[in-house]
Amino acid sequence: PEFNWGSAMGTGHDCAAICRRNYDSSSDRKELIENLVSKGSGPENFEEVKLVLALAWQNGRWRRTDGGRGGYGDVLANMADAQRYETGSEDKCSELLVKDMEERFVLLKPSSEDIDLMKTCLTELEANNFDVARRRCAGLVLKAMGFISDGL
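Novice: Explanation requested: the packing of helix 3 (residues 46–63) against helix 4 (residues 72–81) in the structure shown.
Specialist: Running from N to C, helix 3 and helix 4 point in directions that differ by 130°, and their axes come no closer than 9 Å. In this view, helix 3 runs oblique relative to helix 4, as classed from their interaxial angle. In this structure, helix 3 meets helix 4 at a crossing whose hand is left-handed. On the side of helix 3, the interface is formed by Lys50, Ala54, Trp57, Gln58 and Arg61, while helix 4 contributes Tyr72, Val75, Leu76 and Met79.

Novice: How should the pattern of salt bridges be read in this particular structure?
Specialist: Where charged atoms from two side chains of opposite charge approach closely, those side chains can pair. By the definition in use, this model includes twelve salt bridges. Ionic pairing is found between Lys99 and Glu95, a salt bridge with its closest N-O pair at 2.9 Å. Note that Lys99 and Glu95 are positioned in helix 5 (residues 90–104) at a spacing of four residues, about one turn of the helix. By relative accessible area, Lys99 is classed as partly exposed at 40%. Its relative accessible area of 18% is what places Glu95 among the buried residues.

Rules used in this analysis
Residues numbered from 1 in each chain as written. Predicted model: local features only at pLDDT ≥ 70, side-chain atom pairs only at ≥ 80, totals over all residues. Heavy atoms only, no water. Axes fitted to C-alpha atoms, helices over the stretch in contact; angles between N-to-C directions. Helix = DSSP H or I, 4+ residues; strand = E, 2+ residues; numbered from the N terminus. Parallel < 35°, antiparallel > 145°, perpendicular 65-115°, else oblique. Left-handed = near helix turned anticlockwise from the far one by under 90°. Contact = heavy atoms within 4.5 Å. Salt bridge = Lys/Arg side-chain N within 4 Å of Asp/Glu carboxyl O. Buried < 20%, exposed > 50% of the residue type's maximum accessible area, 1.4 Å probe, protein only.

Here it is, written out as structure tokens:
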């Protein structure tokens, strides 16, 4: 597909529009985060979660909720490059994404409870529960960025 990132035309723009519609209400956003954090579930295809993260990080630059210098803008750049999180096994790519998100988490000034939950993501990685780890980690990052109230 022709994603044409940054353009108002192409698959990327169309997918972003769908995501914005799917998570238009704060109740939909809250449900997504609860599913990701509590159950390690959420959308069947994790690519949808990655798109939500990318849109939130993109908006976070303007809202100053992305952790600033060295924050999630760096993870977004790696994601857009399509190498770090797309080359190799799905488990290895998930592990890299979780570690990159986890190491920046404190920049978002999360609650101590959420910091403790983030540590469980690393435990899930050690137990080879890559999907649970990446979903919980993504949910915690979105929560700390104010996704429920601010949306995309």
